[in-house]
Amino acid sequence: MISYIFPNKCVCCGKIIVEKISLCDECRKRLYRIEGNICRYCGREQAYCTCKRAGNAYERNVSVFRYDGAAADAVKRFKMGKIPQISVYISNEMSMLIEREYDGISFDCVTFVPMARIKEMRRGFNHAELIAKRIADNLGMPMRPLLKRRFGFYSQKSLNSADRFKNVRGKFRAVKNVRGMTVLLIDDVITTGATLGECAGQLKSAGAAAVFGATFASTYKK
Ligand SMILES: [Zn+2]
Ligand SMILES: [Zn+2]
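Residues numbered from 1 in each chain as written. Chains lettered and ligands numbered in written order. Predicted model: local features only at pLDDT ≥ 70, side-chain atom pairs only at ≥ 80, totals over all residues.

Let us look at the overall build of the protein chain. Of regular secondary structure, the protein chain possesses seven helices and six strands. What you see in the protein chain, going N to C, is helices and strands ordered as α-β-α-α-β-α-α-β-α-β-β-α-β. In summary, the protein chain has a C-alpha radius of gyration of 17 Å against a globular reference of 17 Å for 222 residues, a match within 12%. Within the protein chain, the proportion of its 222 residues that are buried is 39%. Expressed as a percentage of contacts within the protein chain between residues at least 6 apart in sequence, the contacts between residues at least 24 apart total 73%. (Helix = DSSP H or I, 4+ residues; strand = E, 2+ residues; numbered from the N terminus. Rg over C-alpha atoms; globule rule 2.2 N^0.38 Å. Buried ≥ 20, exposed ≤ 12 C-beta atoms within 10 Å, placed from the backbone. Contact = placed C-beta atoms within 7 Å.)

Let's shift gears to the confidence of the model for the protein chain. Mean pLDDT over the protein chain: 89, with 93% of residues reaching 70 or higher. Per-element mean pLDDT across the protein chain ranges from 77 in helix H6 (residues 161-168) up to 98 in strand E2 (residues 109-112). (pLDDT = per-residue confidence, 0-100.)

In terms of residue burial, strand E6 (residues 210-218) counts as a mostly covered element, since seven of its nine residues are buried. Sheet topology places strand E1 (residues 60-66) next to E6; six bridges connect them, and they run parallel. Of the residues in E6, the one forming a bridge with Arg66 is Ser218. One ladder, built from eight bridges, connects strand E5 (residues 182-190) with E6; its direction is parallel. Bridge pairing in E6 links Thr182 to Ala210. Running through helix H7 (residues 194-205), the crossover from E5 to the neighbouring parallel element E6 is right-handed. (Pairing = 2+ DSSP bridges. Right-handed = clockwise from strand over helix to strand, strands pointing away.)

Below, the discussion takes up H7. Look at H7: 16 Å from first C-alpha to last across twelve residues, which is about the 16 Å you get at 1.5 Å a residue. Among the twelve residues in H7, nine count as buried, and that is most of the element. Those residues of H7 not exposed but buried are Ala194, Thr195, Leu196, Gly197, Glu198, Cys199, Ala200, Gln202 and Leu203. (Expected span 1.5 Å × (residues − 1).)

If you look at the biggest cluster of nonpolar residues, it comprises 55 residues, and the most contacted ones within it are Ala74, Met94, Val183, Leu185, Ile186 and Leu203. In terms of residue count, helix H3 (residues 84-101) provides more of this core than any other element does, seven residues in total. Among residues more than four places away in sequence, those in contact with Val183 are Phe107, Asp108, Cys109, Thr111, Leu146, Val178, Leu203, Ala208 and Val211. (Core = buried A, V, L, I, M, F, W, Y, C linked by C-beta atoms within 7 Å.)

Below, the structure is given as structure tokens:
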């Protein structure tokens, strides 16, 4: 069962709103929900799918919004500070999508993409972990940190698609025995799927039977 908590500030722009809603009217108009004919692999609309089916270890990914407009603002604001309203909003939207799209799949646990330790220390929290915790609560599943990032800082930001895949190779490892488990893997944004794929691959090497991804937003080639 999903519980709804309504903040009175817009989660995307921070404007005070009187009604008990998460987004102001202006931001709602700048929200691009992924709908219609969706690629069952990357979670984008077919017309925008750039994924290579054989490339990644996860079974499927689902994503709520395009990483653009108000959804991108919400992610950026959330990364800047631990604002509970934003994590509630993001995880509720993701929980509803997961319930709908992954109906019938029985997950053993929820986990998340870990951040580089130095980045997490600087920020004070891992946004993906906070979202994963709330999603696990919403859906009544256990949340388990199953992955660790190997030491070292590296950014995917300035890299092209091929380099992103090279850059994440070997950067994660599964720290728990996940033999036979069906795992729900959470991250905030999917770009090429390289990070999600690498994490899923590690979980599978550690014995996971299946790994399904869920992200709040997907980037699109402009
Ligand atoms: Zn707003
Ligand atoms: Zn696709």
